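Spelled out, the chains give:
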Amino acid sequence: MYSKEVNEHIANPRNVGDVENPSGVGDVTNQVCLDRIRLSIKVDNGILTEAKFKANGCPPTMAAASVLTELITGRSVKEAALMERTDIVSVLGRLPPAKMHCAMLAIDALQAALKGARRTV
Amino acid sequence: MKVYLDNSATTPVAPEVIEAMLPYFGDEMGNAQSVHSFGQRAKAALESARRQVAKLIGASATETVFLSGGTEADNLAIRGTAEAHREWGRHIITTQIEHPAVLATCEALEREGFRVTYLPVSGRGRIDIGDVRAALREDTILISIMQANNEIGTVQPIREVAEVVAEARQAGAKHLHLHSDAVQSVGKIPVNVSELGVDLLSVSAHKIHGPKGIGCLYVRKGIRLGKLLYGGHHERDRRPGTENIPAIVGFGRAAQMACEQLEDRARSTEKLRDYLERHITERVEGVRINGDPSNRVPNISNLSFEGVDGESLLIALDLKGIAVSTGSACASGSLEPSHVLKALGLPREVIRGSLRFSLSAFNTQPEIDFAISTLVETLARLQEMSAEG
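Residues numbered from 1 in each chain as written. Chains lettered and ligands numbered in written order. Predicted model: local features only at pLDDT ≥ 70, side-chain atom pairs only at ≥ 80, totals over all residues. Heavy atoms only, no water.

> Explanation requested: the overall build of chain B in the structure shown.
Along chain B, the regular secondary structure elements total 13 helices and twelve strands. Projected onto its principal axes, the C-alpha coordinates of chain B cover approximately 70 × 55 × 35 Å. Taking all 389 residues of chain B together, the buried fraction comes to 58%. Within chain B, contacts between residues at least 6 apart in sequence are counted, and of these 73% link residues at least 24 apart. Averaging the coordinates of the 43 positive side-chain charges in chain B and doing the same for the 49 negative ones gives two points 4 Å apart. (Helix = DSSP H or I, 4+ residues; strand = E, 2+ residues; numbered from the N terminus. Buried < 20%, exposed > 50% of the residue type's maximum accessible area, 1.4 Å probe, protein only. Contact = heavy atoms within 4.5 Å. Lys, Arg positive; Asp, Glu negative; His and termini not counted. Charge placed at Lys NZ, Arg CZ, Asp CG, Glu CD.)

> Looking at this structure, I do not really get empty space enclosed by the protein. What am I missing?
It is the rolling of a water-molecule-sized probe over the atoms that shows where space remains empty. Considering all chains together, one arrives at two cavities of 30 Å³ or more under this definition. Around the largest cavity, the lining comprises 14 residues; the ones closest to its centre are B:G187, B:K188, B:R265, B:T269 and B:A361. If you count residues domain by domain, the lining of the largest cavity takes at least three from each of domain 1 (3-10 + 262-382) and domain 2 (15-257) of chain B. Together, A:A55, A:N56, A:G57, A:M62, B:G307, B:V308, B:D309, B:S312, B:L382 and B:S386 line the second largest cavity. Its residues assigned to classes, the lining of the second largest cavity shows four nonpolar, five polar and one charged. (1 Å grid on protein atoms, 1.4 Å probe; cavity = no way out; pocket = protein on both sides within 12 Å on 5 of 7 lines; lining within 4 Å. Points joined across faces, edges and corners; volume = space filled by probe spheres on them. Domains from an automatic or database assignment. Nonpolar A, V, L, I, M, F, W, Y, C, P; charged D, E, K, R; others polar.)

> Quick question: what am I supposed to make of the interface of chain A and chain B here?
When the parts come together, some accessible area is lost, and that loss is often what is quoted as the size of the interface. Contacts between the two partners involve 25 residues from chain A, matched on the other side by 22 residues from chain B. Regarding the contact of chain A and chain B, the summed buried area is about 2000 Å², with carbon and sulfur atoms giving 57% of it. Linking chain A to chain B there are two salt bridges. One salt bridge in this structure joins B:E311 and A:K99, with 3.6 Å as the shortest N-O distance. The tally of links from chain A across to chain B stands at 14 residue pairs in polar contact (both at pLDDT 80 or more). Every element with two or more residues in the side of chain A that touches chain B is listed here: α1 (4-11), β2 (36-44), β3 (47-56) and α2 (59-72) of chain A. When its residues are assigned to classes, the side of chain A that touches chain B shows 15 nonpolar, five polar and five charged. (Buried area = accessible area lost by both parts, 1.4 Å probe. Salt bridge = Lys/Arg side-chain N within 4 Å of Asp/Glu carboxyl O. Polar contact = N/O pair within 3.5 Å; in protein donor to acceptor, adjacent residues only side chain to side chain.)

> Looking at this structure, I do not really get the domain arrangement of chain B. What am I missing?
Residue and element names in this part refer to chain B. The domains assigned to chain B are domain 1 (3-10 + 262-382) and domain 2 (15-257). A straight line from the C-alpha centre of domain 1 to that of domain 2 covers 28 Å. Counting residues at the interface gives 28 residues for domain 1, matched by 31 residues for domain 2. When domain 1 packs against domain 2, the two sides together hide about 2500 Å² of surface, and 55% of this comes from carbon and sulfur. Across the pair D292 and R124 runs a salt bridge whose closest N-O atoms are separated by 3.2 Å. Across the domain 1-domain 2 interface, the total number found is twelve residue pairs in polar contact (both at pLDDT 80 or more). Those elements giving two or more residues to the side of domain 1 that touches domain 2 turn out to be α9 (245-283), β10 (300-305) and α11 (339-343).

> Looking at this model, I keep getting lost on the layout of surface pockets. Mind explaining?
All names here are of chain B. If you add up the space inside the largest pocket, you get close to 430 Å³. What lines the largest pocket is a set of 27 residues, among which S8, H99, N150, K207 and R356 lie closest to the centre. With three residues, helix α3 (residues 70-85) is the largest single contributor of residues to the lining of the largest pocket. Of the domains in this structure, domain 1 (3-10 + 262-382) and domain 2 (15-257) are the two that each give at least three residues to the lining of the largest pocket.

> Sorry if this is basic, but what is going on with the packing of aromatic side chains here?
Remark: the centre distance and the inter-plane angle together describe each pair of aromatic rings, the angle taken between the planes. Residue and element names in this part refer to chain B. A complete count under the given rule lists one aromatic pair over all chains for this structure. Considering the side-chain rings of F66 and F251, the 5.9 Å spacing of their centres and the 65° angle between planes classify their relative orientation as edge-to-face. Note that F66 is positioned in strand β2 (residues 64-67) and F251 in helix α9, a separation of 185 residues in sequence. If you follow R90 out to its NZ or CZ, it ends over the ring of F114, 5.9 Å from the centre. (Phe/Tyr/Trp six-rings, centres within 6.5 Å; stacked < 30°, edge-to-face > 60°. Lys NZ or Arg CZ within 6 Å of the ring centre and 35° of its normal.)

> Quick question: what am I supposed to make of unusual backbone geometry here?
Leave glycine aside and you will find that most residues have negative phi; peptide bonds, for their part, are mostly trans. Its identity as a non-glycine residue notwithstanding, A:N15 has a phi of 55°, on the positive side. Note on placement: A:N15 falls in the loop between α1 and β1 (24-29). What makes A:N15 partly exposed here is its relative accessible area of 34%. Despite not being glycine, B:R236 has its phi angle at roughly 50°, a positive value. You can see B:R236 is positioned in helix α8 (residues 234-237).

> How do you make sense of the pairing of β2(A) when you look at a structure like this?
Where a strand is regular, its side chains alternate between the two sheet faces. Residues and elements named next belong to chain A. One ladder, built from six bridges, connects β1 with β2; its direction is antiparallel. The partner of D27 across the bridge, within β2, is R38. The pairing of β2 with β3 spans nine bridges and is antiparallel. Residue pairing across strands places K42 opposite E50, the latter belonging to β3. (Pairing = 2+ DSSP bridges.)

> So what exactly am I meant to see when it comes to the packing of helix α10 (residues 310-319) of chain B against helix α13 (residues 365-385) of chain B here?
Packed helices, taken two at a time, are described by the angle their axes make and the gap between the axes. Residues and elements named next belong to chain B. Viewed as axis vectors pointing N to C, α10 and α13 meet at an angle of 130°, and their least axial separation amounts to 10 Å. Our classification of the angle between α10 and α13 gives oblique. As for how α10 packs across α13, the hand of that crossing is right-handed. When α10 is examined against α13, the residues S312, L313, A316 and L317 are found in contact with a partner set consisting of T374, L375, T378, L379, R381 and L382. Split by residue class, the contact of α10 with α13 holds six nonpolar, three polar and one charged. (Axes fitted to C-alpha atoms, helices over the stretch in contact; angles between N-to-C directions. Parallel < 35°, antiparallel > 145°, perpendicular 65-115°, else oblique. Left-handed = near helix turned anticlockwise from the far one by under 90°.)

> Explanation requested: the nonpolar core in the structure shown.
What tends to happen in soluble globular proteins is that the nonpolar side chains get buried as a cluster. Counting 70 residues, the largest nonpolar core has B:I57, B:F66, B:I143, B:L201 and B:F251 as the members making the most contacts within it. A per-element tally of this core places α9(B) first, with nine residues. Setting aside anything within four residues of it in sequence, one finds B:I143 in contact with B:I93, B:V132, B:L136, B:V161, B:V165, B:L176, B:H177, B:L178 and B:H179. If you look at the next biggest cluster of nonpolar residues, it comprises 64 residues, including A:A109, B:I280, B:L313 and B:I372. (Core = buried A, V, L, I, M, F, W, Y, C linked by side-chain atoms within 4.5 Å.)

> Help me understand the sheet that holds strand β6 (residues 177-181) of chain B, please; the structure alone is not making it clear to me.
Either a parallel or an antiparallel arrangement is found when strands of a sheet pair, and the pairing is made through backbone hydrogen bonds. Residues and elements named next belong to chain B. Strand order in the open sheet formed by seven strands is β2-β8-β7-β6-β5-β3-β4, with mixed pairing between adjacent strands. The sheet is open, and its two edges are formed by β2 and β4 (115-119), each paired on a single side. Taking the axes of each pair of neighbouring strands and ignoring which way they run, one obtains an average angle of 20° across the sheet. Sheet topology note: the β6/strand β7 (residues 200-204) ladder contains three bridges and is parallel.

Following this line, the structure appears as structure tokens:
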């Protein structure tokens, strides 16, 4: 039903947890399906040096959050801020049309975390 | 290890069933309607299978109609009754937790001017006989209530419904019929059409270790029924089309085995199911049993796990070789959660964390032990990932 990339992230999720002393945290919930992603990031000199997630939800939500942490680690805050859900979907191979919102939730978590980081910097 | 715990979806075909079917894909290729010897051998196989299926449900052979499966059986029962009796009434009673084959057929009839009462169920999934009585109207022509629910396994008091029907008939409701979808109960618990008092009963072969694409509708002698399909005079003029002899023979063999082994299968399956349930509830916190533990088929356990999504749990278990199903919203792309769990009045979080384990007599103790330990590990991992902690 899901791509092998999605399944792979379910079997081996990357960067699970909470960053210690994070620069920003994005904790977002989809009010329709109750899926939730909490992304915490560490920013150092404008670079995302660390990203971790915790999540509740269906496989695409978990996989999107997991992929996101890989995609943003090492990037500049500027680059990360420009990321879109398609960046996540392309790494996951594909998502069923009804599951595109899962990738969007990950982007929302990223935006919220970046907002928090800007405030603290 | 691969562990198949989704037997309410479909069951593995028994080796004896496969063996029984094979000749009918080969030399025994006759059309049961043909007069020559090929045809007559096919006819004999057809009628022998019919007796086996009839025996399983306590019917007489002439009261069984072979068709493509549970869905067609439900459609024929409901549409057939509606068509043949619409002049006397256009009201149908069913429940909110029926299989889509029943619900969608009723909805289609609503668009054609029928009125349908969808009875609510208790938190454990049982109907209230008082509700059946209250819903009855002068123009009610059909009550359709499943014997056992496919998601939670709750068994309905069909015999008591039949008593209500009998009373109503005595009071003059001679066009009132009782149908039961017994796809999930046949082969799991004793099912006898005369003891139950039903006029129509749906059975499917692939839920009892038979092949897919074949089922049967029991039609009590003398019942008038419209048709879904038009053609030849097969199946006592109730369902046209050249009989699917290999599948019917397989169905017959599966029914014979289910009949002979009913008690043994029920006992061993129930023992494994209860063991699974007991060990999960002991080892995992926040587990909820959905359905009615005191009125349940022996092979289904529907559990809800706190703080996890059923589909994520399903996929994670599948990657470890364990096949189960879920009533969680997201499964199969539909964003609607299970209508059955919704009808029980369960909160959204409970529905989303639901998982159905459905066993068969083919499951073994080592399989169940593996399933338990894998589930416990997987839950721990998902709960570690949970943002709610």
